Amino acid sequence: MSSGVEWALHCCVVLTAADRPVPAARLAELHDVSGTYLAKQLQDLSRAGLVRSVQGKSGGYVLTRAPEDISLLDIVEAVDGARPAFVCTEIRQRGPLATPAEACTKPCPVARAMGAADQAWRAALREMTVADLARDVTADNGPAAFDAVRAWLSGGS
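Note that the structure is a prediction, hence the values are computed from the model and not measured.

Cut-offs applied
- Sequence order as written defines residue numbering, which begins from 1 separately in each chain.
- Local features are withheld for residues below a pLDDT of 70 in this predicted model, meaning they are given only at 70 or higher, and side-chain atom pairs are given and counted only at 80 or more; totals for whole chains, interfaces and linings count all residues.
- Excluding hydrogens and water, the side-chain figures rest on all heavy atoms present in the structure.
- Only DSSP runs of H or I covering at least 4 residues are called helices, and only runs of E covering at least 2 are called strands; the numbering of each starts at the N terminus.
- Two things to know: the radius of gyration comes from C-alpha atoms, and the globule rule equals 2.2 Å times the number of residues to the power 0.38.
- In what follows, a contact means two residues having at least one pair of non-hydrogen atoms within 4.5 Å.
- In this description, accessible areas are obtained by the Shrake-Rupley approach with a 1.4 Å probe, and a residue is regarded as covered only by the protein chains that are shown.
- Charge counting follows a simple rule: Lys and Arg are positive, Asp and Glu are negative, and His as well as the terminal groups are ignored.
- One atom stands in for each charge, and that atom is NZ of Lys, CZ of Arg, CG of Asp or CD of Glu.
- Partly exposed describes any residue whose relative accessible area lies between the buried limit of under 20% and the exposed limit of over 50%, with all areas from a 1.4 Å probe on protein chains only and scaled to the type maximum.
- Cysteine sulfurs are considered disulfide-paired once they come within 2.5 Å of each other.
- Among the buried residues, those of types Ala, Val, Leu, Ile, Met, Phe, Trp, Tyr and Cys that are joined through side-chain atoms within 4.5 Å form a nonpolar core.
- For helices, the fitted line uses only the C-alpha atoms of the stretch in contact; every axis is such a line through C-alpha atoms, and the angle between N-to-C directions lies from 0 to 180 degrees.
- These descriptions rest on fixed angle ranges, namely under 35 degrees for roughly parallel, over 145 for roughly antiparallel, 65 to 115 for roughly perpendicular, and the rest for oblique.
- Ten residues, namely Ala, Val, Leu, Ile, Met, Phe, Trp, Tyr, Cys and Pro, are considered nonpolar, four, namely Asp, Glu, Lys and Arg, are considered charged, and the remaining ones, Gly among them, are considered polar.

Student: Could you give me a rundown of the overall build of the chain, with the residues and numbers involved?
Tutor: When helices and strands are tallied, the chain shows seven helices and two strands. Along the chain, helices and strands appear, N-terminal first, in the series α-α-α-β-β-α-α-α-α. The globule rule puts the C-alpha radius of gyration for 157 residues at 15 Å, and the 20 Å found for the chain is more than 25% above it. On the principal axes, the C-alpha backbone points of the chain span a range of 65 × 30 × 25 Å. In the chain, the share of contacts with a sequence separation of at least 24, taken over all contacts with a separation of at least 6, comes to 67%. Here the chain displays about 9300 Å² of accessible surface, and carbon together with sulfur accounts for 55% of that area. Each charge sign in the chain was given a centre, from 16 positive and 18 negative side chains, and these centres are 5 Å apart.

Student: Run through the environment of alanine 117, naming residues and quoting values.
Tutor: Mapped onto the elements of the fold, alanine 117 is located in helix α5 (residues 109-127). Looking at alanine 117, the relative accessible area reads 41%, which means it is partly exposed. Put simply, alanine 117 and alanine 48 are 69 residues apart on the chain and 25 Å apart in space, counted from C-alpha to C-alpha.

Student: For the side chain of arginine 122, give the residues involved together with the corresponding values.
Tutor: Locating arginine 122 in the fold gives a position in helix α5. What arginine 122 contacts, discounting residues up to four positions off in sequence, is Leu73, Glu77, Ala82, Arg83, Pro84 and Ala85.

Student: If you had to explain the state of the cysteines to someone new, which residues and values would you point to?
Tutor: As enumerated under the stated definition, the model contains zero disulfides in all. Sulfur of cysteine 12: no disulfide; nearest cysteine sulfur belongs to cysteine 11 and is 7.1 Å away. Residue cysteine 12 is classed as buried on the basis of its relative accessible area of 0%. In this structure cysteine 88 is not part of a disulfide, and its nearest cysteine sulfur, from cysteine 108, lies 4.9 Å away. For cysteine 88, a relative accessible area of 34% gives the class partly exposed.

Student: Just give me the short version of the nonpolar core, but keep the residues and values in it.
Tutor: Core analysis: the largest hydrophobic core is formed by 35 residues, its most contacted members being Leu15, Leu27, Leu38, Leu42, Leu45 and Ile75. When residues of this core are traced back to their parent elements, those giving at least two are α1 (3-17), α2 (24-31), α3 (35-47), β2 (60-63), α4 (72-80), α6 (130-141) and α7 (145-153). At 10 residues, α1 tops the list of elements feeding residues into this core. In this structure leucine 45 touches Ala8, Cys12, Leu50, Val51, Ile75, Ala78 and Val79, once residues within four positions along its chain are discounted.

Student: Now, about the packing of α1 against α2: what can you tell me, with residues and values included?
Tutor: Orientation of α1 relative to α2, taken along the N-to-C sense of each, is 110°, at an axis distance of 11 Å. The angle between α1 and α2 falls in the class roughly perpendicular. Side by side, α1 and α2 meet where His10, Cys11, Val14 and Leu15 of the first sit next to Leu27, Leu30 and His31 of the second. Taken together, the residues of the contact of α1 with α2 sort by class into five nonpolar, two polar and no charged.

Here you go:
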């Protein structure tokens, strides 16, 4: 999983606290990350319909749906794509003791285990939302956590 997923997740959580659109540069500054690289993650989120860009002097990014309606899987797939984490290359059909292709009528135990793990991981990410993360931030850092973020986004330094 790319670091872009982490950045995108943090940005989406921050956007739950924003009273107005947040410029990409401000999000990058808040997280002390590359603005150029973060812009790519925000474009990915925008293409997936999770955020939209508001143009103009007071422009920036906003969530397009309620945080409860954006799963962590939505964000992961927007940034890294929907392909499985494990791709079987049928290694069992290679080497000096290769299994003949006609004998490979079902996925091997490695492919089955990795496929099951990928499905479980995706199911867990599908169940957790941006709203859940925002609640966890509040639980971990207190009710004033987002007040501080909101104030900083509004122009504090």
